[in-house]
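Examination of the molecular architecture
Below are the chains, spelled out letter by letter.
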Amino acid sequence: MRIRLNGARPKRIGAAAVAAVAVAAIGVAVQTAVRPADAAAADPYTFKNVQIEGGGFVPGIIFNQSQQGLVYARTDIGGAYRLDTSTNRWVPLLDWVGQDNWGYNGVVSLATDAVDPNKVYVAAGMYTNSWDPNNGAVLRSSDKGATWQSTPLPFKLGGNMPGRGQGERLAIDPNKNSILYLGAPSGNGLWRSTDSGVTWSKVTTFPNPGNYAQDPSDPNGYLTDNQGIVWVTFDKRTGSAGSTTQTIYVGVADKQNTVYRSTDGGTTWSRLAGQPTGYIAHKGVLDASGGYLYISTSDTGGPYDGAKGDVWKYNTATGAWTQISPIPSSSTDDYFGYSGLTIDRQHPNTIMVATQVSWWPDAIFFRSTDGGATWTRIWDWTSYPNRSFRYKMDITRSPWLDFGTNPQPPEVTPKLGWMNESVEIDPFNSNRFMYGTGATIYGSTDLTTWDTGGQITIKPMAPGLEETAVLDLISPPTGAPLISALGDIGGFRHTNLDAVPAAMFKQPTFTSTTSLDYAELNPSVLVRAGNFTDSDRPNDSHAAFSTDGGANWFQGTEPGGIDEGGTIAANADGSRFLWAPKNSAVVYSVGYGNSWTQSTGIPQNAIVESDRVDPNTFYGYAGGSFYVSHNGGASFTTAATGLPTTAKFKAVAGATGEIWLAGDTGGLLRSTNGGTSFTKLTTATAAQAVGFGKAAPGRTNPAVFIVGQVDGKKGVFRSDDAGASWLRVNDDQHQYGNIGEAITGDPRIFGRVYLGTNGRGIIYGDRTGPQPSYSASPSASGSRSPSASASPSRSASASASPSRSASTSPSASASASASAPAGACNVAYSVTGQWGGGFQAAVKITNNSSAAVNGWTLRWAFANGQTITQIWGGVNTQSGANVTVTNADYTKTIAAGGGSVEFGFLANWNNSANAKPTAFTLNGTTCSVS
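Since the model is a prediction, treat every value here as computed from it, not as a measurement.

Regarding the overall build of the protein chain
Secondary structure assignment for the protein chain yields 0 helices and 70 strands. For the protein chain, whose C-alpha radius of gyration is 30 Å, the value lies close to the compact-globule estimate of 30 Å for 930 residues. The dimensions of the protein chain, computed from C-alpha atoms along their principal axes, are 90 × 70 × 50 Å. Counting over 930 residues, the protein chain shows a buried share of 62%. Surface accessibility of the protein chain: about 31100 Å² in total, with carbon and sulfur atoms responsible for 49%. Taking the average location of the 65 positive side-chain charges in the protein chain and that of its 68 negative ones, the two points are 5 Å from each other.

Remarks on the environment of T468
Tracing the backbone through its elements, the reader meets T468 in the loop between strand 33 (456-460) and strand 34 (469-474). The class for T468 is buried, based on a relative accessible area of 0%. When the C-alpha positions of T468 and I52 are compared, they lie 8.4 Å apart, and in sequence the two are 416 residues distant. Those residues in contact with T468, other than ones at most four positions away along the chain, are I52, G54, G55, L486, I489, T757, N758, G759, R760, G761 and I762.

What to know about the environment of I61
In this structure, I61 sits in strand 3 (residues 60-63). Given the relative accessible area of 3%, I61 is considered buried. For the pair I61 and A73, spaced 12 residues apart in the sequence, the C-alpha separation amounts to 4.4 Å.

Some details on a nonpolar patch on the surface
Nonpolar side chains collect at one region of the surface, where W360, W381 and Y384 lie side by side and expose about 370 Å² of accessible area between them. Checked against the element boundaries, W360 lands in the loop between strand 24 (347-355) and strand 25 (365-368).

A few points about the pairing of strand 21 (residues 311-315)
Most of strand 21 is tucked away, with 5 of its 5 residues classed as buried. Here strand 21 shows no split at all, with V311, K313 and N315 on one side and W312 and Y314 on the other all buried. Two strands pair when backbone bridges link them, and strand 20 (residues 292-298) and strand 21 are joined in this way by 5 bridges, in the antiparallel orientation. Directly across from I295, in strand 21, lies its bridge partner W312. Here 3 bridges tie strand 21 to strand 22 (residues 321-323), and the two strands are oriented antiparallel to one another. Note that in strand 22 the partner of Y314 across the bridge is W321. The antiparallel hairpin formed by strand 21 and strand 22 contains 5 residues in its connecting segment, where G319 sits at a positive phi of about 80°.

A word on unusual backbone geometry
Trans is the prevailing form of peptide bonds, just as negative phi is the prevailing case for residues other than glycine. Cis geometry is found at the peptide bond from P409 to P410, where omega equals 15°. With respect to the helices and strands, P410 occurs in the loop between strand 29 (391-393) and strand 30 (423-425). Cis geometry is adopted by the peptide bond preceding P508, which originates at Q507 and carries an omega value of 0°. Mapping P508 onto the fold places it in the loop between strand 36 (490-494) and strand 37 (512-519). With a phi close to 55°, M419 is a non-glycine residue in the positive phi region. With respect to the helices and strands, the residue M419 is situated in the loop between strand 29 and strand 30. Since its relative accessible area comes to 2%, M419 is described here as buried.

Side note on the sheet that holds strand 16 (residues 248-252)
Across the sheet, which stays open at both edges, the 4 strands sit in the order 15-16-17-18 with antiparallel pairing between neighbours. Here the strands that pair on one side only, and so sit at the sheet edges, are strand 15 (229-234) and strand 18 (270-271). Two strands pair when backbone bridges link them, and strand 15 and strand 16 are joined in this way by 5 bridges, in the antiparallel orientation. Across the sheet, W231 pairs through a bridge with G251, a residue of strand 16.

So, the packing of aromatic side chains
Applying the stated criterion across every chain yields a total of 50 aromatic pairs. One aromatic cluster is present, built from ring pairs that chain together Y829, F839, W856, W860, F862, F903, F905 and F920. Sitting over the face of the ring of W379, R387 holds its NZ or CZ atom 4.5 Å from the ring centroid. The aromatic ring of F510 is capped on one face by R528, whose charged end is 4.6 Å from the ring centroid.

Thoughts on the confidence of the model for the protein chain
Confidence in the prediction of the protein chain, expressed as mean pLDDT, is 90, and 90% of residues score 70 or more. With pLDDT under 50 throughout, residues 779-820 is counted as low confidence; its partners more than four residues away or in other chains account for 84 contacts.

Brief notes about the side chain of T891
With respect to the secondary-structure elements, T891 resides in the loop between strand 66 (882-887) and strand 67 (893-894). Exposure remark for T891: the relative accessible area of 1% places this residue in the buried category. At a separation of 3.0 Å, a polar atom in the side chain of T891 contacts the main-chain amide nitrogen of A888. Other than its neighbours up to four places away in sequence, T891 contacts W856, G873, V901 and E902.

Details of the nonpolar core
Judged by nonpolar contacts, the single largest core of 55 residues is most densely connected at I378 and L416. Looking at this core element by element, the count peaks at 4 residues for strand 24. Contact partners of I378, with chain neighbours within four places excluded, come to I364, F365, S388, F389, R390, Y391, L416, W450, I456 and I458. Grouped together as the second largest cluster of nonpolar side chains are 25 residues, F839, I868, I871 and V901 included.

Quick notes on the pairing of strand 38 (residues 522-531)
For strand 38, the tally of buried residues reaches 8 of 10 residues, placing the bulk of the element in the interior. Relative to strand 38, strand 37 is paired through 7 bridges, and the arrangement is antiparallel. Pairing of A519 across the sheet is with N522, part of strand 38. Here strand 37 hands over to strand 38 after 2 residues, the two strands then running antiparallel side by side. For strand 38 and strand 39 (residues 543-546), the ladder comprises 4 bridges, and the chain directions are antiparallel. Bridge pairing in strand 39 links R528 to A544.

Regarding the environment of V875
Mapped onto the secondary structure, V875 falls in strand 65 (residues 874-879). The class of V875 is buried, set by a relative accessible area of 5%. Along the primary structure V875 and F905 are separated by 30 residues, whereas in three dimensions their C-alpha atoms are 9.9 Å apart.

Thoughts on the pattern of salt bridges
Per the stated rule, a full pass over the model turns up 24 salt bridges. Here R718 makes a salt bridge to D43, at a shortest N to O gap of 2.9 Å. Here D43 lies in the loop between strand 1 (32-33) and strand 2 (45-49) and R718 lies in strand 55 (residues 713-719), a separation of 675 residues in the sequence. As far as the burial class goes, R718 and D43 line up, both buried. Within the structure, one salt-bridge network assembled from shared partners comprises D43, R718, D720 and R767.

The rules we used
- Residues numbered from 1 in each chain as written.
- Predicted model: local features only at pLDDT ≥ 70, side-chain atom pairs only at ≥ 80, totals over all residues.
- Heavy atoms only, no water.
- Helix = DSSP H or I, 4+ residues; strand = E, 2+ residues; numbered from the N terminus.
- Rg over C-alpha atoms; globule rule 2.2 N^0.38 Å.
- Buried < 20%, exposed > 50% of the residue type's maximum accessible area, 1.4 Å probe, protein only.
- Areas by Shrake-Rupley, 256 points an atom, 1.4 Å probe, with all protein chains shown as cover.
- Lys, Arg positive; Asp, Glu negative; His and termini not counted.
- Charge placed at Lys NZ, Arg CZ, Asp CG, Glu CD.
- Contact = heavy atoms within 4.5 Å.
- Patch = residues over 30% accessible without salt bridge, like charges linked within 9 Å, V, L, I, M, F, W, Y side chains within 5 Å.
- Salt bridge = Lys/Arg side-chain N within 4 Å of Asp/Glu carboxyl O.
- Pairing = 2+ DSSP bridges.
- Phe/Tyr/Trp six-rings, centres within 6.5 Å; stacked < 30°, edge-to-face > 60°.
- Lys NZ or Arg CZ within 6 Å of the ring centre and 35° of its normal.
- pLDDT = per-residue confidence, 0-100.
- Polar contact = N/O pair within 3.5 Å; in protein donor to acceptor, adjacent residues only side chain to side chain.
- Core = buried A, V, L, I, M, F, W, Y, C linked by side-chain atoms within 4.5 Å.

Structure, rendered in structure tokens:
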């Protein structure tokens, strides 16, 4: 089954130089450090992935050549991963990437250092066209990806552009590891660093920046880019430890001139004589022991196409080229290009190569144990349509990989894969290999069984790697806690967040599910809309229904001319449905899509939702106008106008006519009169998505979650008081890049949030701090909308945390006036974690007096220049060494007779001394310290 472009849509969709090497003086990039930014008031959370395992294209798997078990994977929109050998799970490395530099989650290349295995480098940037507003960067780490520094580049990189499976474009000199090369796209040529990736300069003597573009006339600008320099390979034999490697091979996206070489450490370059022409060399793998360079070629840059190609072997000693294609391009049996290429470092005459794409009947892997003189293939034709297999598939770990298909021979399910641009044999273990596909990482641990006539076992090898693009999420009040709408793999009913689902949505199966909803008053009724290739299944509908909470699905009819899902909504009791298919008229159905009738008064491509209480009321939004129907979707009238031109909105359960609208940079707006008018919340300056969860203890209004901006900080926020104040629930190490398409709370668990990412799967977060308690909820009337005076104030001090005194309770602002009896308080201050430049601390205040403390202010002074950057359970200001922390709403009261509250914070320190404070005052009274 072919998976279409994964996430390929824009969001909202002085250098040191080697004396002998000529470089361009203009190519120097400025080093910047990646470090946490100031944060708004916070509530501590833990975050985990909802388990799916895989879900997108893995164009690169990179084994370290000197440290056994050190393996990395790069993805096109989901960042980079390192394999944890103790758990055999992939660990995400770029979750710190935020909304301002979301393109860094597009990893076009990765290099792991064989001299110093602690070092790893990433060439990051998602698009070379206008879709990504930022230039690319080289990220570098000296602790295997735990922390990073960044060097911005003067050009863009394309981790999700055509040709992204070629490579690796980024390479480290295996003898002198301070030298790195980077092949650039877009005609920018070859670049080099001589200071371990800190600064970069263009290699002006390199003669060919490439010339191949998939489609120079593409009006979207996605296929027009020159794919440029696509791989760099060093010949380690031509250097010694600490000295520059002299011979370097470079692959270029130029069908007539695809391989170049330098024999003087990069000073001069020339086209490699006698090379094959007519194809692009996707890979260049050097067998240093035998002295051979292997290349795999295709007639396109991939990863979705490629109809012809060859495999060649170059003798570095004699200069002779030998065509060793398992099926040569001259054969009518060659209907594919070659890409994934690897050699067995333990037995260098053993090589493997994969078809770049062989959609039908399946991918093909070829294996040779004699340097390409003869080959066997992973499956063979017997008598058509039958095949024999040198493998068996075991997808027990990820059973959804059968894609819900029931193919006819010669096709089988599950397939070996597609877009097989990375095939790698473990350099320390001949039996272990991995390969990337458009959906997961597969591999085997009994590879040499192939050579003795047995069947190898291929299994998914993607635990921890979550690469789905999330388009919608719902969390009904009963049944499965989460239902997901995903790009490329449809979506799932998640009955257990920590277990891989058994199957994706079926009957019908959508390639991408674009919208989900459930009936609020009858939550076993669900509806979804989505996309598939209509010519493949002309009798299927783009809308599906479930009456058992998503366990089983069925389809009705659909109006003519529909080819994309758009948005869809179920009314409150599940008796009606409203559907806005993309580029088609909005329609409604009484019942489960047996027939559809066109709605009036609402434009095409509107976003549609239902009122969560009134079964007759639906809402729509398009181009800054809000639309309302009170007759089950038959007709709409225009309500509020002048709203943000792009937005998402949701209605609140249990409150007729309450609607929240996330207007991106237009801010967060709320209506309590069914969309007749909206009030803009001054507490949130931007919002890309909004969702609701269970109310906080003591409240009746739901918790509100947004992806947005509060107090100048972008992130994920929760409000327990109808938007009067906000807590940041994510942190600087959990930003997930391109987010904002989907967010929802859980109606059954207070504080739980489900976050959709574009490439890092579904994230769910749970609170870890003390349980808050509120005495009252805001009014259900329009007065719940905060006035300008309710906006959190921003201190001019070093702290960026907003004051939570913007509470609807007037007593909070007078908290400092309450006093504690002398000697009746105790403060326990502890450092709970410490690292270079930062630490985490916990503070416990105990009230030993006979009177409760109702509102408090705690003060102390730091001795070594420490500064608080993020806090939970309280609100801080800081002036020099002097720190003042006032209570949060839920830590306001300290019970008498030994009652206590706790708060925690993150802070910077000087890496030299981090002395604990020795004196604290609570509401002006000195406390004992423990």
